[in-house]
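Analysis of the macromolecular model
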Amino acid sequence: MHRLSGKRGGDGLIEMSPTDSFNDDVNGYGQHTNEDMGSFHHDGPEIDKQHQSKDSIFFRDGVRRIDFVLSYVEDKDDGRKPERRNVFEENLRKVGLDLETEDKSESEDGKTYFVKIHAPWEVLATYADVLKIKAPFKANDIPENREMPMGWLATPIRLPEDIMYPEPDYFTAPFDKNKSDFFLIDDKDTFFPPSTRNRIVYYILSRTSYFHDCDRDKIGIKRLLNNGTYTAAFPLHDCRYWKSSSYSNCESERYKLYKYWARFLCFFKEQPIHLIRKYYGEKIGLYFAWLGFYTEMLLFAAVVGTICFVYGLLTYEENEWSKEICNEDIGGNIVMCPLCDKKCGYWKLSKICNSSWQSHLFDNVGTVFFAIFMGIWVTLFLEFWKRRQARLEYEWDLVDFEEEQQRLQLRPEYETKCSERKLNVITQELEWVLNRTAPSLMAKLLICWVAVVFWITLIIACIVGVIAYRLAVYAAFASIMKDSPTNQLHVVGPYITPQLATSVTASCINFVIIMLLNLMYERVAIWITDMEIPKTHLEYENKLTVKMFLFQFVNYYSSCFYVAFFKGKFVGYPGNYAYFFGSWTKLRNEECDPGGCLIELTTQLVIVMTGKQVWGNIQEALVPWLMNWWGSRKARCHPESLYSRWEQDHDLQPFGQLLLFDEYLEMVIQFGFITLFVASFPLAPLLALFNNIIEVRVDAWKLTTQFRRPVAAKAHCIGAWEEILNGMAVLSVVTNAFIVAFTSDMIPRLVYMYAYQPDGQMNMKGYINNSLSVFNITEFPAESRPEDGENPSWFNSSVTTCRYRDYRYPSGHENQYTHTMQFWHILAAKLAFIIIMEHVVFMVKFVVARLISDVPSEVRARVKRERYLVQEYLHNYEVEKLKMQLQKHEEEDCTCPPMIYPTIPNNDFVSDRL
């Protein structure tokens, strides 16, 4: 809804660090005397290169703006590359583009050629018509109330009005070249902004042939980059990021973005979303709008999660079961059965005193409340985002984007593979289509999905390996650490247990495996998606998204699912233990200690989630900076006049195909951590909030300072990620209900308090003794009995029984070692809790989703108003054109066809008549 505008003339500035010392007065070409004007010879007078800044974002004539830059290095060993370049550039000129070549002698490294491309008005107007780019035709006359109640409270986070809303608000309509006087065109050179210009030029570059013959497979700049004909293709930044242009006719939008957005000191400020969209395009603008909104909503989840954690701290002294465990008369006299075969000895319950207290911080009544709250929070987040997205769709002229642009978003790779023509039932025109039933393509699709299944199976195999590691090393840790010097440490000694050592090392190994598999699978996912030959860019991204997310879902969450839902659930009982892959492996299934498995799930979640976020931020910020520093090391030794605008951008990192995709994936994986397993760690939203505050500025900084300017791309939503978020929102209700029921000890405690408390009181006294079953140690088989020397010094022949965590009848009972009735009561209570919690949360989610409209009523009214005005003004425009034509014919006394509309030089007369 904002008018498209641009600037004219002027120079950009140099892309260097603010610490580099240059003489800004030296703007000429210096010692260079080569007067070659490149591939394009302008009819006007040439400007002396001694007076023309090499840092300019314009051609040498100082008028035509550089919309795109291609670079290449001569390869004397391959004679086909010059031929391809010549044919390609010749075809670009035939389309109407202006080209100007900078000789390698003018470049800083002395070997790189730069081809500068400018799109004249005729080309821009033609392709704006083809691409249905919307243009302004009338100022917006609907008053917009931007004032908020108590808005003065938000003053510290506000940005200047010209930064938040860099363009006036206009009603727009799809551009029509034949009706150009209908639109508000003040200056043809600045009517289309740079982002629109580079999008149009890239569209042309992607569909231009580089072969003399009509070979439909030899087209597009992407293939020329892949085969080394060109080394880079990119649009230019408008100035240096750290210093505004000294010329008034240069936009300096990059500097504004850095000053008000990309610096970390702006972390508490709102984002200039409209300026981001204007400079980088709608697709990147939507990502930062979504990330900012997600971070805002995390604030509420973080506050509630912190309150639940504080509740655990405040009720620390009311933890009756931990008091019993730590009591020397109760926990100190309970002998527990060995936790592994042979290498583990008997131990006393009081040994887990500290882990029991730690578990209470996360395993309390507040956890249940927070799990229910997060089920409602995720619904509010998704519903309010739909409203925010609908508003942005309207403001950015994306309301009808999908329907209009699907056909125009055909991938060149798809078009070149089409071998048949088929009638389109909508347009009734023959169009090229791909025969997807061909045996070769069917075989490729089969290979694609076999590869996906193979990699997911590989992840599961790695997880199984980590589980086997846990089982194997636990016995070793238990044997080594029983006499370890760390046990004598007063502060940390009680916390260093075999369980903790096994959990931490296994989590770290799992994290390293996750990172390694990620690096390998990225390339595999792109390769198999390319083999499927998707039709449109949207379809390509969706297919890649599904494959990558399936892989990442299994990769990141499988270990958490194991700890939450499998560990300690299938261990058997003393004398009849369950073994991993059978008894021949000698790897006994892990069991949860009486402190519970929830604390281990918390440990796993913290290590994987925090490790991923810290590593991700370091990698995102440090790697591009180091690569740019190394790549531009030579340029720092030269004066400013030898380092041109296109060379500065050429030395930056390319904006890769998967860069934005990786950013979405990183945030969606984080979203899974704070929703799927949040019942085990209420502080997860707080950690995510801190990370995202940094993430927004890190992403902004690297995009503004370390990467070339990406080609502007349109998108009306966040794509397949929205459906993935919806699916995870539903799954999170189920997983949190199961965590509270089966991983937490909440339900067994409530059943004991209400039904099995011996004194009939509403307290937890006696719970520990009630929750442990008794086993006769004489019934231990030889292969499970502790070896000599493994038992502690206090163990003697007077100890005849040991306790273990379960609800089974003792030895000598007619139903010995079978489950008691209390076990079935607890199981029934767990299932009832899951059903009740799921139904309550799903019902609230449904009601909330129904009450909150996806599109605000104000936006619906504005969309209808704009559509009405487009029809009305187009109708009036046609009527006025007809009147003018008839009037002209009457004056000339001639007869002509009534509906031939002459071209009118400007829109003043028509606007007055309207």
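For every chain, the first residue of the written sequence is number 1, and numbering continues from 1 along that sequence. In keeping with the model being predicted, local features are shown solely for residues with a pLDDT of at least 70 and side-chain atom pairs are shown and tallied solely at 80 or more, while totals for entire chains, interfaces and linings include all residues. The basis for every side-chain value is the complete set of non-hydrogen atoms in the structure, without hydrogens or water.

**Quick look at the overall build of the protein chain**
Test applied: Segments assigned H or I by DSSP are reported as helices when at least four residues long, segments assigned E as strands when at least two residues long, and all are numbered from the N terminus. Relative accessibility thresholds used throughout: buried, under 20% of the residue-type maximum; exposed, over 50%; partly exposed, between the two (1.4 Å probe, protein chains only). Note on definitions: a residue-residue contact is assigned when non-hydrogen atoms from the two residues lie within 4.5 Å. Here the open area of atoms and residues is found with the Shrake-Rupley method and a 1.4 Å probe, where only the protein chains shown may cover a residue.
Each helix and strand counted, the protein chain has 27 helices and 14 strands in total. Counting all 914 residues of the protein chain, 53% fall into the buried class. Residue pairs at least 24 apart in sequence account for 79% of intrachain contacts in the protein chain once pairs closer than 6 positions are excluded. Of the roughly 41400 Å² of accessible surface on the protein chain, 60% is carried by carbon and sulfur atoms.

**Structural notes on a nonpolar patch on the surface**
This is how the line gets drawn: Any residue with relative accessible area above 30% and no salt bridge may belong to a patch, with like charges joined within 9 Å and the nonpolar Val, Leu, Ile, Met, Phe, Trp and Tyr side chains within 5 Å. A side-chain nitrogen of Lys or Arg and a carboxyl oxygen of Asp or Glu constitute a salt bridge if their distance falls within 4 Å.
Together, Val614, Ile618, Leu622, Trp625, Leu626, Trp629 and Trp630 make up an exposed nonpolar region whose accessible area comes to about 700 Å². Secondary-structure assignment places Val614 in helix 18 (residues 598–631).

**Quick word on the packing of aromatic side chains**
This is how the line gets drawn: In this analysis, rings of Phe, Tyr and Trp, with Trp reduced to its six-membered ring, are considered paired at centre separations within 6.5 Å, and the interplanar angle assigns stacked below 30 degrees, edge-to-face beyond 60, and tilted for intermediate values. A ring has a charge above it when a Lys NZ or an Arg CZ is no more than 6 Å from the ring centre and no more than 35 degrees off the ring normal.
All told, the structure shown has 59 aromatic pairs when counted by the stated rule. Arranged with centres 4.8 Å apart and planes meeting at 90 degrees, the rings of Tyr279 and Tyr280 form a pair that is edge-to-face. On the basis of relative accessible area, Tyr279 is assigned to the buried category, the value being 0%. Above the face of the Trp794 ring, Lys348 is positioned so that its terminal group lies 4.7 Å from the ring centre. Lying across the ring of Tyr577, Arg588 places its NZ or CZ 3.5 Å from the centre.

**Thoughts on the pattern of salt bridges**
All told, the structure shown has 32 salt bridges when counted by the stated rule. Residue Glu282 pairs with Arg277 through a salt bridge whose shortest N-O separation is 3.0 Å. An identical accessibility class is assigned to Glu282 and Arg277; each is buried. Between Arg388 and Glu296 there is a salt bridge, and its shortest N-O distance comes to 3.7 Å. One end of the pair, Arg388, is in helix 12 (residues 365–395); the other, Glu296, is in helix 9 (residues 282–314), with 92 residues separating them in the sequence. Three or more residues joined by partner-sharing salt bridges are found here, namely Arg60, Glu100, Glu102 and Lys116.

**Describing the nonpolar core**
Let me state the cut-off plainly: The term nonpolar core refers to a set of buried residues drawn from Ala, Val, Leu, Ile, Met, Phe, Trp, Tyr and Cys, joined through side-chain atoms within 4.5 Å.
Core analysis: the largest hydrophobic core is formed by 145 residues, its most contacted members being Trp261, Trp290, Tyr294, Trp377, Phe381, Tyr557 and Phe673. The element that contributes the greatest number of residues to this core is helix 9, accounting for 16 residues. In contact with Phe381, other than residues within four places in its own chain, are Trp290, Phe293, Tyr294, Met297 and Phe671. Formed by 43 residues, the second largest nonpolar core is a distinct cluster that contains Ile133, Phe171, Phe192 and Ile221.

**A word on the packing of helix 17 (residues 537–565) against helix 18**
The condition is simple: What counts as an axis is a line fitted to C-alpha atoms, over the stretch in contact for a helix, and the angles between N-to-C directions run from 0 to 180 degrees. Note on terminology: angles under 35 degrees are roughly parallel, angles over 145 are roughly antiparallel, angles of 65 to 115 are roughly perpendicular, and the others are oblique. Residue polarity is assigned by list, with Asp, Glu, Lys and Arg as charged and Ala, Val, Leu, Ile, Met, Phe, Trp, Tyr, Cys and Pro as nonpolar; anything else, Gly included, falls into the polar class.
Taken N-terminus to C-terminus, the directions of helix 17 and helix 18 make an angle of 170 degrees; their axes are 9 Å apart at the nearest point. Judged on the interaxial angle alone, helix 18 and helix 17 are roughly antiparallel. Of the residues in helix 18, those in contact with Tyr556, Ser559, Cys560, Val563 and Ala564 of helix 17 are Glu600, Leu601, Gln604, Leu605, Val608 and Lys612. For the contact of helix 17 with helix 18, the class distribution of residues is 7 nonpolar, 2 polar and 2 charged.

**With respect to unusual backbone geometry**
Phi angles above zero are rare outside glycine, and Asp397 is one such case at about 60 degrees. Topologically, Asp397 is positioned in the loop between helix 12 and helix 13 (401–405). One non-glycine residue, Tyr817, lies in positive phi territory at about 65 degrees. Mapped onto the secondary structure, Tyr817 falls in the loop between strand 14 (801–805) and helix 25 (821–851).

**Topic: helix 25**
Worth spelling out the cut-off: In this scheme, a helix's expected span is set at 1.5 Å multiplied by one less than its residue total.
The terminal C-alpha atoms of helix 25, which comprises 31 residues, lie 45 Å apart, in line with the 45 Å expected from a rise of 1.5 Å per residue. Where helix 25 is buried, its residues contact helix 12, helix 22 (720–743), helix 23 (746–756) and helix 24 (767–771).

**As for the environment of Gly766**
For Gly766, the location among the structural elements is in the loop between helix 23 and helix 24. The sequence separation of Gly766 and Glu320 amounts to 446 residues, and the corresponding C-alpha distance is 8.9 Å. With residues up to four places along the chain from it excluded, the contact list for Gly766 reads Glu324 and Tyr752.

**Observations regarding helix 2 (residues 121–130)**
Residues of helix 2 that are buried include every one of Trp121, Val123, Leu124, Ala125 and Ala128, and no others. Among the structural elements, helix 1 (80–95), helix 4 (188–191) and helix 5 (194–205) are those in contact with the buried residues of helix 2. Lys132 occupies a position one or two residues after helix 2 and carries a positive phi of about 55 degrees.

**Describing the packing of helix 20 (residues 659–676) against helix 21 (residues 684–706)**
The interhelical angle for the contact between helix 20 and helix 21, taken along N-to-C directions, is 170 degrees, at an axis separation of 10 Å. By the angle between their axes, helix 20 is roughly antiparallel relative to helix 21. Where helix 20 approaches helix 21, its residues Leu659, Glu663, Glu666, Met667, Gln670 and Ile674 are matched on the opposing element by Ala684, Pro685, Ala688, Asn691, Asn692, Glu695, Asp699 and Lys702. Along the lines of polarity and charge, the residues of the contact of helix 20 with helix 21 split into 6 nonpolar, 3 polar and 5 charged.

**Here's the deal with the environment of Ala688**
Inspection of the secondary structure puts Ala688 in helix 21. With relative accessibility at 0%, the residue Ala688 sits in the buried group. For the pair formed by Ala688 and Met667, sequence separation is 21 residues and the distance between their alpha carbons is 9.3 Å. Leave out the neighbours within four places in its chain, and Ala688 touches Leu298, Met609, Gln613, Gln670 and Ile674.

**Overview of the pairing of strand 3 (residues 112–118)**
For a regular strand, side-chain orientation follows a simple rule: the groups alternate between the two sheet faces. Counted only if it meets this: Two strands form a pair only when DSSP identifies at least two bridges running between them.
Of all 7 residues that make up strand 3, 7 are buried, and the element is covered over most of its length. Burial along strand 3 is two-sided: the face carrying Thr112, Phe114, Lys116 and His118 and the face carrying Tyr113, Val115 and Ile117 are both buried. Two strands pair when backbone bridges link them, and strand 1 (residues 68–73) and strand 3 are joined in this way by 6 bridges, in the antiparallel orientation. Note that in strand 3 the partner of Ser71 across the bridge is Phe114. Pairing analysis gives 5 bridges linking strand 2 (residues 98–102) to strand 3, with the strands arranged antiparallel. When the bridges of strand 3 are listed, Glu102 appears paired with Phe114.

**Let's talk about the sheet that holds strand 6 (residues 232–234)**
Read from one edge to the other, the open sheet built from 4 strands follows the order 2-3-1-6, with strand pairing classed as antiparallel. Single-partner strands in this sheet number two, and they are strand 2 and strand 6. Taken pair by pair, the neighbouring strands of this sheet meet at an average axis angle of 15 degrees, ignoring direction. Against the sheet, helix 1 engages strand 1, strand 2 and strand 3, with an angle of about 165 degrees to strand 1. Along the sheet, helix 5 makes contact with strand 1 and strand 3, crossing strand 1 at roughly 45 degrees.

**Side note on the confidence of the model for the protein chain**
Our working definition: Confidence of the prediction at every residue is given by pLDDT, a number between 0 and 100.
Chain-level statistics for the protein chain give a pLDDT mean of 80 and a share of 82% at 70 or above. Taken together, the stretch residues 486–493 has pLDDT below 50 and engages in 7 contacts with residues farther than four places along the chain or on a different chain. Here residues 895–914 scores under 50 on pLDDT; set against residues more than four positions off or in separate chains, the count is 32 contacts.

**Some thoughts on the pairing of strand 2**
For strand 2, the tally of buried residues reaches 5 of 5 residues, placing the bulk of the element in the interior. Going residue by residue along strand 2, you find Asp98, Glu100 and Glu102 tucked away on one face and Leu99 and Thr101 tucked away on the opposite face as well.

**A word on the side chain of Glu393**
Keep this limit in mind: Charge assignment in this entry is limited to Lys and Arg as positive and Asp and Glu as negative, and neither His nor the chain termini are counted.
The residue Glu393 is located in helix 12 in this model. Although buried, Glu393 forms no salt bridge, and the nearest oppositely charged side chain, Arg867, lies 8.7 Å from it. Non-local contacts of Glu393, meaning those with residues more than four positions away in its chain, are made with Leu398, Val399 and His716.

**Brief notes about the state of the cysteines**
The bond known as a disulfide is covalent and runs between the sulfur atoms of two cysteines. What counts is decided by this rule: Two cysteine sulfur atoms form a disulfide, by the criterion used here, when they sit within 2.5 Å.
By the definition in use, this model includes 3 disulfides. With a sulfur-sulfur separation of 1.9 Å, Cys337 is cross-linked through a disulfide to Cys802. Of note, the bridge from Cys337 to Cys802 carries an S-S torsion of about 85 degrees and is right-handed in sense. With Cys337 in the loop between strand 7 (335–336) and strand 8 (347–348) and Cys802 in strand 14, this residue pair connects regions lying 465 residues apart in the sequence. Cys802 gets classed as buried once you look at its relative accessible area, which sits at 0%.

**So, the environment of Cys802**
Spatially, the C-alpha atoms of Cys802 and Pro338 are 8.7 Å apart, while their sequence positions differ by 464 residues. Excluding its chain neighbours within four sequence positions, the residues that come into contact with Cys802 are Val335, Met336, Cys337, Tyr346, Ser773, Val774, Phe775, Ile777 and Phe780.

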